[in-house]
Amino acid sequence: MQLEEGGRIPALSRRGFIGSAAAFAGYSLIVRASAARAEGDAGPRTHEEIRAALAAIEPKPKPSEPYAPEPGMSVVALDCDLMVAGGGMSGICAALAAARNGAKVVFVQDRSRLGGNASSEIRMHIVGADKHGSRKGWREGGIIEELRLEDAARNPHRAYELWDLMLYDKVISERNITLLLDTAVFRAETQDGRIQTAWARCDKTETLYKISSPLYADCTGDSRLGFEAGAEFHWGREGKLDFAEELAPAEGDARTQGSSILFTARQHDRPMPFTPPPWAKKISAEDLVFRKPNELDYGYWWIELGGMGNTIKDNERLRFELLAIVLGVWDYIKNSGARPDAANWALEFVGMVPGKRESRRLLGPHVFVQPEVEGAWKQFPDGVAIGGWALDEHPPEGFYGKDIKPFTPSPVPEVYNIPFRSLYSRNIANLLMAGRNISASHVAFTSTRVMATCAVMGQAVGTAAALCAKGKFLPKDLSADPARVAALQQRLLRDDQSIRNCRNEDPDDLARHATARASAETLGPAANVLSGEVRDMPDEWKHRWGTALTPDTWIELAWQKPRRISQVQLTFDSGFERELTLTASSAKTAKMIRGPQPETLRDYTLELLKADTVVATQKIEGNVQRLRRHRLAPVEADRLRLRVHATHGADRAALFEIRAYA
Ligand SMILES: Cc1cc2nc3c(=O)[nH]c(=O)nc-3n(C[C@H](O)[C@H](O)[C@H](O)COP(=O)(O)OP(=O)(O)OC[C@H]3O[C@@H](n4cnc5c(N)ncnc54)[C@H](O)[C@@H]3O)c2cc1C
């Protein structure tokens, strides 16, 4: 009997083995090669299937339901289990998580590219709980890890547009997602405290989408969907006494962090001139006392404006002023004489979309606040995602506050949990949210706002929505029931989400009733793969099996009596002790590995045995992922063996977890 990867009928079959991927031969193999797909799905969509899905959302010649205020627009009505608004890292992870857990998703993004502030339009690198790699071992698991690993392996040369394309590939290939690009949510119809319909417009196809769903997720950053639906929100900074926050100003105000425009630049082999447009700002050394233009290659986040006004309504003026400052700073670098080392440097890219840090935050039944970030999170029964970035405050004056430091980070003592109660609206019963617009005070937001944290919140929200849709209950019903909260946490762990103080207690995992042994255990015992945790701190071997790699390296689980098995799930080591992200900064990249991570098992064989006879086998080549799932037609087995053939360079084999399901 042969195992199947991701439920897909295998394309290659040779002497009973199935190679799941041709290592790095071409882009079209990416998804098949490495996606940690949901169990039970039918693999990524084919070209024809994607075309058919796109045809289904095209306006029909005779719209069934014209929309009176806009007679020129065609109306397309869509139904789903979850509508996700906003295609930044939070929205992407929410849409993927919901779809992979069985929900039909309509995913609406107002730009042509996915990724939000991480896309090539803005080019901000993703950071999170591992705090630029200085809190080693705390890189996030789950979907964001899948995206980072895929990008590092396929895009070692750091082309931002290929990162965008990979995000598109992931989303468009997902069977349960209807993706609407260049489409903006602009209206919501609400009745009895629930959104009945959300409206989105695509002027490129002259289409209005009328989206009806039992559940909605606002991942727009600006809370646009929640705002239209009448969800309660907060704008600005709370006062010190509002939530007993030491870092809050004495009095609350409407100020926020500002927006920024980034650039990238490259060194050439000859001098490159630069002439700014007449409208560029004249920048002097005085403007830059606290803002040193050190690195030349990836732009300056401290070119920030808008916090004193309104980052949404002022966006067009902010774009102009930010561009004027960016070009002024580059003029200073190139032409003031202060940076002779910049003579051969030239701009490659200047953003046109102001990257937004802060605007509205939707209010949930719980507002996540500074004392909780700093330790009181330990009392949450409903942690669903981790954060760990510093409380990273920026002055609302931004670049014009030239005598004020552009940021004041206050370290967070340890990685914390974010509660589910901060991820859904307190007054719109079917509205969830993830990203920078969650229910957090301004001070807590200064930590939760970074994109890997937004991504893991997205995964939590998408997974929760899928559970709600399946059980036909609301987020508040999930929250109120400890068994449902536990089920959500277990589902998240199964998908490699990290949650502090939560371990694998999945009643369906057959591996929990097995014993483990291995060919050798020189670094970590085989039993570690059953510890229920999938993370070690650097040099720790508490939750990983590990041994020197030899031609006969294996680990196996054994059951006292045969079990019916139809799925095997493996969690490999992918080097969590290193930072991993796409960045235009060469200095930051130097600390990463842009390629497959050396410790990850590349080639391996899975064998299922019954009474010493191999009853099923699969050989996998070219793996780059941490989480792999292998499906098979159900088979009775009393042993499950993983034979390791090669890593991506490490001379040791390591594995965090083996799970098995009926
Ligand atoms: C200059 C700058 C530097 C930063 N530095 C870092 C850093 O180094 N690392 C880090 O991790 N984070 C950093 N941040 C913070 C981080 O980028 C944001 O907090 C993060 O992008 C929030 O993610 P999100 O998914 O909530 O929102 P976004 O990334 O803003 O994505 C929201 C998406 O929703 C779309 N959208 C908005 N309205 C609608 C609508 N009506 N309909 C449909 N779609 C809509 C937007 O186009 C956007 O693509 C920085 C931010 C800025 C601006």
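Residues numbered from 1 in each chain as written. Predicted model: local features only at pLDDT ≥ 70, side-chain atom pairs only at ≥ 80, totals over all residues. Heavy atoms only, no water.

Draft legend 1. Summary view of unusual backbone geometry. A positive phi angle, close to 60 degrees, is found at serine 223, a residue other than glycine. Considering the arrangement of structural elements, one finds serine 223 in the loop between strand S9 (216-218) and helix H6 (224-229). The backbone phi angle of alanine 611 is positive, close to 45 degrees, even though this residue is not glycine. Note on placement: alanine 611 falls in the loop between strand S25 (601-610) and strand S26 (613-620). (Helix = DSSP H or I, 4+ residues; strand = E, 2+ residues; numbered from the N terminus.)

Draft legend 2. Just the state of the cysteines, in detail. All told, the structure shown has 0 disulfides when counted by the stated rule. Counting only cysteine sulfurs, cysteine 454 is the nearest neighbor of cysteine 219, a cysteine outside any disulfide, at a range of 9.2 Å. With a relative accessible area of 5%, cysteine 219 lands in the buried category. The thiol sulfur of cysteine 502 is not disulfide-bonded, and the nearest other cysteine sulfur, from cysteine 468, lies at 17 Å. For cysteine 502, a relative accessible area of 18% translates into the label buried. (Disulfide = S-S within 2.5 Å. Buried < 20%, exposed > 50% of the residue type's maximum accessible area, 1.4 Å probe, protein only.)

Draft legend 3. A look at the sheet that holds strand S13 (residues 304-305). Read from one edge to the other, the open sheet built from 3 strands follows the order S13-S11-S15, with strand pairing classed as antiparallel. The open sheet has two free edges, formed respectively by S13 and strand S15 (355-356), since each of these has just one partner strand. Of the strand pairs in this sheet, strand S11 (residues 259-260) and S15 are connected by 2 bridges, and their pairing is antiparallel. Its bridge partner lying in S15, serine 259 is registered against lysine 356. (Pairing = 2+ DSSP bridges.)

Draft legend 4. Looking closely at the pairing of strand S6 (residues 184-191). As judged from the 7 bridges shared by S6 and strand S7 (residues 194-202), these two strands associate in the antiparallel manner. Residue alanine 184 lies in a different strand from S7, and its bridge partner there is arginine 201. Here S6 folds back onto S7, and the loop between the two strands holds 2 residues, one of which, aspartate 192, carries a positive phi near 50 degrees.

Draft legend 5. Seen up close, the site of the ligand. If you check the shell around the ligand, you find 31 residues, and the closest are Ser90, Asp110, His125, Arg449 and Met451. Separating an oxygen atom of the ligand from a side-chain N or O atom of glutamine 109 is a distance of 3.0 Å. In this structure, histidine 125 approaches the ligand through a main-chain N or O atom, which is 2.6 Å from a nitrogen atom. Burial of the ligand by the surrounding chains reaches 95%, relative to a free accessible area of 980 Å². For the shell around the ligand, the secondary-structure elements that each account for two or more residues are helix H3 (89-100), S6, S15 and helix H10 (451-471). Broken down by class, the residue content of the shell around the ligand amounts to 11 nonpolar, 13 polar and 7 charged. (Near = heavy atom within 4 Å. Polar contact = N/O pair within 3.5 Å; in protein donor to acceptor, adjacent residues only side chain to side chain. Areas by Shrake-Rupley, 256 points an atom, 1.4 Å probe, with all protein chains shown as cover. Nonpolar A, V, L, I, M, F, W, Y, C, P; charged D, E, K, R; others polar.)

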